[in-house]
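# Remarks on the overall topology
Listed here are the chains, written in short residue letters.
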Amino acid sequence: TQLLEQSPQFLSIQEGENLTVYCNSSSVFSSLQWYRQEPGEGPVLLVTVVTGGEVKKLKRLTFQFGDARKDSSLHITAAQPGDTGLYLCAGPGDSGGSNYKLTFGKGTLLTVNP
Amino acid sequence: NAGVMQNPRHLVRRRGQEARLRCSPMKGHSHVYWYRQLPEEGLKFMVYLQKENIIDESGMPKERFSAEFPKEGPSILRIQQVVRGDSAAYFCASSRGRYPEGYGYTFGSGTRLTVV
């Protein structure tokens with residue numbers, strides 16, 4: 001069974017601070033996706049990382065996929081209140097052609113205080 | 001159609017009633033997936049459908065739950081004889097192709113089911 005562990009579970013910071021959240025697994029994933037979910041809404045895809053060691057930037061967000069494709073991190077620079085939300089990582093199943101079946105971590109709930 | 005449309009947004013049912021959750025995928029998307037998010041748990045896969053076909057229902061409880069995606073109209077997730085443990089947020093996602101990596105999942109805003 002593939003599991004994704006996210007840490008920290010909760011993070012509360014002040015506006016302007018930097019932060020990093022982590023997504024770890026003992027399994028290798030062919031890719032990982034990061035989503036942000038706001039209260040009362042569905043998850044919104046932020047990025048997909050595919051290649052081991054890959055780094056992708058989305059404005060103040062930097063995503064990294066581990067060399068062994070077992071972990072990923074999300075770094076936010078100069079956090080803003082609008083970054084508040086639940087950050088989820090997810091990876092596709094890779095057994096028996098079930099790569100459409102995403103495994104999600106439980107998420108990191110980020111609160112950015114003004 | 002700007003995105004995946006789910007309705008209702010909130011649904012309250014008494015124990016023993018039926019719940020019907022509807023999902024209209026994005027235009028051009030023919031793959032639909034249902035996920036359930038329980039309090040304190042992550043999103044869990046329930047079922048994957050294409051038009052008129054159930055591809056994988058391995059995540060769906062065998063009793064009381066069913067799903068369909070007819071040729072015309074939205075996908076329906078149906079829960080019969082609801083119990084308190086069914087209270088959760090149910091999300092629908094759609095994609096252009098089978099594998100989410102290249103195309104990405106687009107999720108709807110969800111239906112929050114409360115069983116009283």
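Note: the structure precedes this text.
None of these values were measured; they are calculated from a predicted model.

### What about the overall build of chain B?
Helix and strand content of chain B: one helix and 11 strands. Its C-alpha atoms give chain B a radius of gyration of 13 Å, near enough to 13 Å, the size a compact globule of 116 residues would have. The principal-axis extent of the C-alpha atoms belonging to chain B is close to 40 × 30 × 25 Å. Out of the 116 residues belonging to chain B, those deemed buried represent 47%.

### Describing the sheet that holds strand S7 (residues 65-68) of chain B
Residue and element names in this part refer to chain B. Within the open sheet, the four strands sit side by side as S1-S3-S8-S7. Their pairing is antiparallel. The open sheet has two edge strands with one neighbour each: strand S1 (5-7) and S7. Between one strand axis and the next, the sheet turns through 15° on average, direction left out of account.

### A look at the nonpolar core
One finds B:Trp34, B:Met46, B:Leu77 and B:Tyr90 to be the most contacted residues of the largest nonpolar core, which totals 22 residues. For this core, the secondary-structure elements that each account for two or more residues are strand S3 (19-24), strand S4 (31-37), strand S5 (43-50), S7, strand S8 (75-79), strand S9 (88-95) and strand S11 (111-115) of chain B. Residues contacting B:Met46, with those up to four places away along its chain left out, are B:Trp34, B:Tyr35, B:Arg36, B:Asp56, B:Glu57, B:Ser58, B:Gly59, B:Met60, B:Pro61, B:Phe65, B:Leu77 and B:Tyr90. The next biggest cluster of nonpolar side chains, apart from the first, holds 21 residues, and it includes A:Val21, A:Phe63, A:Phe65 and A:Tyr87.

### Points about the state of the cysteines
Residues and elements named next belong to chain B. In this structure the tally under the stated criterion is two disulfides over all chains. Linked covalently through their sulfurs, Cys23 and Cys92 form a disulfide whose S-S length is 1.8 Å. Taking the torsion about the S-S bond as the criterion, the Cys23 to Cys92 disulfide, at about -50°, is left-handed. Taken as a pair, Cys23 in strand S3 and Cys92 in strand S9 lie far apart in primary sequence, 69 residues in all. The buried category is assigned to Cys23, whose relative accessible area is 0%.

### Focus on the interface of chain B and chain A
Contacts between chain B and chain A engage 23 residues on the former and 23 residues on the latter. Here chain B packs against chain A, burying approximately 1,800 Å² in sum over the two surfaces, 51% of which is carbon and sulfur. Where B:Asp56 meets A:Lys101, a salt bridge forms, and the shortest distance between an N and an O atom there is 3.4 Å. In this assembly, chain B and chain A are joined by 11 residue pairs in polar contact (both at pLDDT 80 or more). In terms of residue class, the side of chain B that touches chain A is made up of 10 nonpolar, six polar and seven charged.

### Points about unusual backbone geometry
A cis amide bond links A:Ser7 with the next residue in sequence, A:Pro8, at an omega value of -10°. Checked against the element boundaries, A:Pro8 lands in the loop between strand S1 (5-7) and strand S2 (10-14). Across the junction of B:Asn7 and B:Pro8, the peptide omega takes the value 0°, indicating a cis bond. Within the secondary structure layout, B:Pro8 lies in the loop between S1 and strand S2 (10-13).

### Re the side chain of B:Ser75
Residue and element names in this part refer to chain B. Tracing the chain through its elements places Ser75 in strand S8. Engagement of the side chain of Ser75 in a polar contact is seen with the side chain of Trp34, the distance being 3.0 Å. Excluding anything up to four places from it in sequence, Ser75 contacts Leu21, Arg22, Cys23, Val32, Trp34, Leu49, Glu68 and Phe69.

Conventions and cut-offs
Residue numbers run consecutively from 1 along every chain, following the written order of its sequence. Each chain takes a letter, starting from A, and each ligand takes a number, starting from 1, following the order in which they are written. A pLDDT threshold of at least 70 governs which residues receive local features in this predicted model, and a stricter bar of 80 or more applies before side-chain atom pairs are shown or counted, although totals over entire chains, interfaces and linings include all residues. Where side-chain values are given, they derive from all heavy atoms of the structure, hydrogens and water being excluded. Secondary structure counts use DSSP, requiring at least four H or I residues in a row for a helix and at least two E residues in a row for a strand, with both numbered from the N terminus. We compute the radius of gyration over the C-alpha atoms and compare it with the globule rule, which gives 2.2 Å times the number of residues raised to the power 0.38. Note on classification: 1.4 Å probe, protein chains only; a residue is buried when its accessible area is under 20% of the maximum for its type, exposed when over 50%, partly exposed between these limits. A pair of strands is labelled paired if DSSP reports no fewer than 2 bridges between them. Interaxial angle, 0 to 180 degrees, is taken between N-to-C directions of lines fitted to C-alpha atoms, where a helix line uses only the stretch in contact. Here the nonpolar core consists of buried residues drawn from Ala, Val, Leu, Ile, Met, Phe, Trp, Tyr and Cys, with membership extended through side-chain atoms lying within 4.5 Å. Note on contacts: a residue pair is in contact if any heavy atoms of the two residues lie within 4.5 Å. Throughout, disulfides are identified as pairs of cysteine sulfur atoms within 2.5 Å of each other. For any pair of parts, buried area is found by adding up, for both, the accessible area (1.4 Å probe) each one loses once the two are put together. Criterion for a salt bridge: a side-chain nitrogen of Lys or Arg within 4 Å of a carboxyl oxygen of Asp or Glu. A 3.5 Å cut-off defines polar contacts: any pair of N or O atoms within that distance qualifies, except that in protein one atom must be a possible hydrogen donor and the other a possible acceptor, and neighbouring residues in sequence count only when both atoms are side-chain atoms. Following the grouping adopted for this structure description, the nonpolar residues are Ala, Val, Leu, Ile, Met, Phe, Trp, Tyr, Cys and Pro, the charged ones are Asp, Glu, Lys and Arg, and the polar ones are all others, Gly among them.

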